[in-house]
Amino acid sequence: MSLRIVLWNVGVALACIAASEAVAAWLRLSHIPPIIWYASGVGLAALLLRGLSVLPGIMVAAFICALLAESSPMLAVLSMVATALQLALAWWLLVRVLKIDVTLAHVRDVV
């Protein structure tokens, strides 16, 4: 694995953790129950930009975020696997099935 891929994975993991913690803090202050895990958006964006090579970073971030949310280690592993599968499936559907242009150059790709 090249240094560039490792750095991308570390950056993606840090961005996902930061997004998750920021939204969790905001939700605690606003007393709104969380509906979705916002860091998934960061993960999907990274997948669209760099492909499946950033999946390890997403998995590490999902595991750490689950532990920070006071989940048990077993639940954190399940969360990590579920998040990775969900994002890999979303990436596959967008890139391989719908064949969107990840630069979002056309309205069709954005919609």
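Keep in mind it's a predicted model, so treat the numbers as computed, not measured.

(A) Here's a closer look at unusual backbone geometry. Even without a glycine there, the phi angle at Glu70 is positive, about 70 degrees. Tracing the sequence through the fold places Glu70 in the loop between α3 (55-68) and α4 (73-97). At Lys99, a position not held by glycine, the phi torsion is positive, near 55 degrees. You can see Lys99 is positioned in the loop between α4 and α5 (107-110). Its relative accessible area of 59% is what places Lys99 among the exposed residues.

(B) View of the nonpolar core. Of all hydrophobic cores here, the largest spans 17 residues; its most connected members are Val12, Leu47, Val54 and Ile58. Among the elements of the structure, α1 (3-30), α2 (39-50), α3 and α4 are those that each provide at least two residues to this core. Dropping the residues within four chain positions of it, Val12 is found in contact with Ala46, Val54 and Ile58.

(C) Structural detail: α3. Between its first and last C-alpha, α3 extends 20 Å over 14 residues, near the 20 Å set by a 1.5 Å rise per residue. Of the positions making up α3, those classed as buried are Leu55, Gly57, Ile58, Ala61, Ala62, Cys65 and Ala66. Here the buried residues of α3 occupy an arc of 165 degrees about the axis, which is enough to place them on one side. Residues of α3 that are buried sit in contact with α1, α2 and α4. One or two residues past the end of α3 sits Glu70, with phi positive at roughly 70 degrees.

Definitions and cut-offs
Every chain's residues receive numbers from 1 upward, in the order its sequence appears when written. Residue-level local features of this predicted model are given only where pLDDT is at least 70; pairs of side-chain atoms are given and counted only at 80 or more, and the full residue set underlies all totals for whole chains, interfaces and linings. Side-chain metrics rest on all non-hydrogen atoms present in the structure, leaving aside hydrogens and water. We count a stretch as a helix when DSSP gives it H or I for four or more residues in a row; a strand needs E for two or more, and each element gets its number in order from the N terminus. Only protein chains enter the calculation, and the probe is 1.4 Å; a residue is then buried if its accessible area is under 20% of its type maximum, exposed if over 50%, and partly exposed in between. The nonpolar core is taken to be a set of buried Ala, Val, Leu, Ile, Met, Phe, Trp, Tyr and Cys residues, with the residues joined through side-chain atoms within 4.5 Å. We call two residues in contact when some of their heavy atoms are within 4.5 Å. By this rule the span expected of a helix is its residue count minus one, scaled by 1.5 Å. Directions from the helix axis toward the C-beta atoms define the arc.

Honestly, it's all geometry; don't read function into it.
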